[in-house]
Amino acid sequence: MPPTAGETISDFEAPLCDGETFRSTALSDALGPRGGVVICTGFAFSAIAQNWWKRFVRAGWDEFDDVSVLGISRDGPYAQNEFLRWLDRPDFQFFADVNGAISDSLELLESREHMANVSTPWRSAFVLDADLEVHYAFVADDWISPLPREEIERAVEGL
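The sections below set out a description of the structure shown in this document. This is a predicted model, so every value here is computed, not measured. (Residues numbered from 1 in each chain as written. Predicted model: local features only at pLDDT ≥ 70, side-chain atom pairs only at ≥ 80, totals over all residues. Heavy atoms only, no water.)

Turning to the pattern of salt bridges, a few remarks are in order. Where side chains of opposite charge bring their charged atoms close, a pairing between them can arise. Tallied over the entire structure, the rule returns three salt bridges. Close ionic contact of Glu82 with Arg85 constitutes a salt bridge, the shortest N to O distance being 2.8 Å. One end of the pair, Glu82, and the other, Arg85, are both in helix α3 (residues 77–87), three residues apart, so they sit about a helical turn from each other. On the basis of relative accessible area, Arg85 is assigned to the partly exposed category, the value being 39%. Residue Glu150 is joined to Arg149 by a salt bridge in which the shortest nitrogen-to-oxygen separation is 3.4 Å. For Glu150, a relative accessible area of 43% translates into the label partly exposed. (Salt bridge = Lys/Arg side-chain N within 4 Å of Asp/Glu carboxyl O. Helix = DSSP H or I, 4+ residues; strand = E, 2+ residues; numbered from the N terminus. Buried < 20%, exposed > 50% of the residue type's maximum accessible area, 1.4 Å probe, protein only.)

Encoded structure:
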């Protein structure tokens, strides 16, 4: 079962992309002093991910005080960096979950119909404090639902 509010998630390490470079980084090291928002999507350049992340830009998520905004998708680090350059938001970063290990550790990995041998994470969002405790969790029950942006923003305010 995916993480829920009140649980502490296990730390993980993966390539973290900043739009130019990538380095193997632990989630705990990528979080801001107050914590972070972790957004899981299938692939960075999917239409839904593009729509979501542009909404985050318009909502000013790059201005959260001491709270990192971190994406996770199955793309490799070069695609992640290209996506971040496309967004033109250097404050956002993405973990490259190429082999699905992060998504699997969060129990989000799901086989996709009509995509032979491809698994992606359920679209989801988690607001974590700096100690990896989940303060808010959302896991979509379909592949196209938008994230509850206002609820996430309220959870960030509460960190």
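Still more to cover.
Every buried residue belonging to helix α5 (residues 149–157) is among Ile152, Glu153, Ala155 and Val156, and all of these are buried. Each buried residue of α5 sits inside an arc of 160° when the element is viewed along its axis, so together they form one side. α5 presents Arg154 and Glu157 as exposed residues on the side facing more than 90 degrees away from its buried surface. On its buried face, α5 sits against β3 (35–40), β4 (67–73), β8 (124–128) and β9 (134–139). (Arc of directions from axis to C-beta. Contact = heavy atoms within 4.5 Å.)

Here the focus is the state of the cysteines. Enumeration over the complete set of coordinates arrives at zero disulfides. Sulfur of Cys17: no disulfide; nearest cysteine sulfur belongs to Cys40 and is 14 Å away. (Disulfide = S-S within 2.5 Å.)

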